[in-house]
Each structure stands twice: as structure tokens, then as C-alpha cells.
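Coordinate inspection notes
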Amino acid sequence: YGGKYVPALSYYILNNPNLYSWTFDGIGIGDGLVDTPTQVTTFADFIYYHGIASLKEKQFIEDLQNQFTEAYNNEEYNLASNIFWNINYFIQYKNIVNFYNVDCDVSCGLETYMWGGYSKLLNEPSIKQQLNVPL
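Note on numbering: residues in each chain are counted from 1, in written sequence order. pLDDT decides what is reported in this predicted model: residues at 70 or higher carry local features, side-chain atom pairs at 80 or more are listed and counted, and totals for whole chains, interfaces and linings draw on all residues regardless. The side-chain quantities take in all heavy atoms of the structure and omit both hydrogens and water.

So, a nonpolar patch on the surface
Quick note on the threshold: Patch definition: residues with relative accessible area over 30% and no salt bridge; like charges joined within 9 Å; nonpolar side chains (Val, Leu, Ile, Met, Phe, Trp, Tyr) joined within 5 Å. Per-residue accessibility takes into account occlusion by the displayed protein chains alone, with areas from the Shrake-Rupley method and a 1.4 Å probe. Throughout this description, the term salt bridge denotes a Lys or Arg side-chain nitrogen within 4 Å of a carboxyl oxygen of Asp or Glu. Helix and strand assignments come from DSSP, with helices taken as H or I runs of at least 4 residues and strands as E runs of at least 2, each series counted from the N terminus.
On the surface, Leu9, Tyr12 and Leu19 cluster together into a nonpolar patch covering about 310 Å² of accessible area. Within the secondary structure, Leu9 sits in helix α1 (residues 2-15).

Here's what the structure looks like:
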């Protein structure tokens, strides 16, 4: 639900700056879905028109997207979720695109992403202090 609650909370904070003693500059959402049906049904066009996938791969993803839409519209959310993860798996693990670095070409794998960077940042004393986390 991070794609729903984080933007709403951020909107509230930005519109009520006098309630807080700290400066709020923005938000970050990791793997967030804000409008699931729209986001899931645009993967094929995105990867094809950015030159990341072939026409055959685009058509394969479109078929999965259609299955997702049908399941979602029929309120079969578990099935829709499984189809969503099948789309993600195909795109990401077939090295079509690295979701964590879309500038990376198709020869890049997930190993190029600095997985420990987020953890390193959150363990910085200054960041912990700002987040009111014990040092």
C-alpha cells in the first residue's frame, strides 16, 4: 500500500508545513503501485517503444497483461497478483530491463544494482538521527 499511503501522507505534509519543525523535500517509493491496472497494462508498450524488447516479447507481455486485466476486473485479485509477478519475472529475470536501473542496457543483470546502498544509507548516524532511530 506504499503507493497509496506514502503519496497521501506526503501531500498532507507538504500542505501543512507549519505543523512540522523539519524540512520535507520529497518522497521515495520502492516498487510502489499507485494505479495498478494502468501501470501493469503499460509494461509491454514501455519496453517495446524504448527499444528494450522485441515485438515477440511485447506480444507475450501483452497477453499476460490481458490476462491480468480480466482477472482484476473479475475481482480475482490473487490470480491478478500472480499474473503481475509473472510479468515482472519475465521482464526482469530475462534481462529485458533492470527495474532498479532502467538506464542499464539489456546486457546488465540485477547484480549491477547496488543492493546494499539503501541499507548503508539507513545505517548512517545522521540519517538515523533524522528518523529518530536509536544509534
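Looking at the packing of aromatic side chains
Test applied: Stacked, tilted and edge-to-face are the three classes assigned to paired rings of Phe, Tyr and Trp, where Trp is represented by its six-membered ring and a pair needs centres within 6.5 Å; plane angles under 30 degrees give stacked, over 60 edge-to-face, the rest tilted. When accessible area is computed with a 1.4 Å probe and restricted to protein chains, residues below 20% of their type maximum are described as buried, those above 50% as exposed, and intermediate ones as partly exposed. Charge-over-ring placement is defined geometrically: NZ (Lys) or CZ (Arg) within 6 Å of the ring centre, and within 35 degrees of the ring normal.
All chains considered together, the criterion is met by five aromatic pairs. For the pair Phe60 and Phe90, a centre-to-centre distance of 4.7 Å together with 45° between the ring planes defines the contact as tilted. Of this pair, Phe60 sits in helix α4 (residues 55-73) while Phe90 sits in helix α5 (residues 77-93), placing them 30 residues apart in sequence. For Phe90, a relative accessible area of 16% corresponds to the buried category. Ring-pair connections join several aromatic residues into one group, and the members of that group are Phe68, Tyr72 and Tyr77. The positively charged end of Lys58 is found above the aromatic ring belonging to Tyr48, 5.5 Å away from the centroid.

Things to note about the pattern of salt bridges
Scanning all chains against the criterion turns up two salt bridges. One salt bridge in this structure joins Asp45 and Lys58, with 3.6 Å as the shortest N-O distance. With Asp45 in helix α3 (residues 43-49) and Lys58 in helix α4, this pair connects stretches of sequence that are 13 residues apart. When its relative accessible area of 37% is taken as the criterion, Asp45 is described as partly exposed. A relative accessible area of 9% means that Lys58 is categorised as buried. In this structure, Glu62 engages Lys58 in a salt bridge whose closest nitrogen and oxygen atoms are separated by 2.5 Å.

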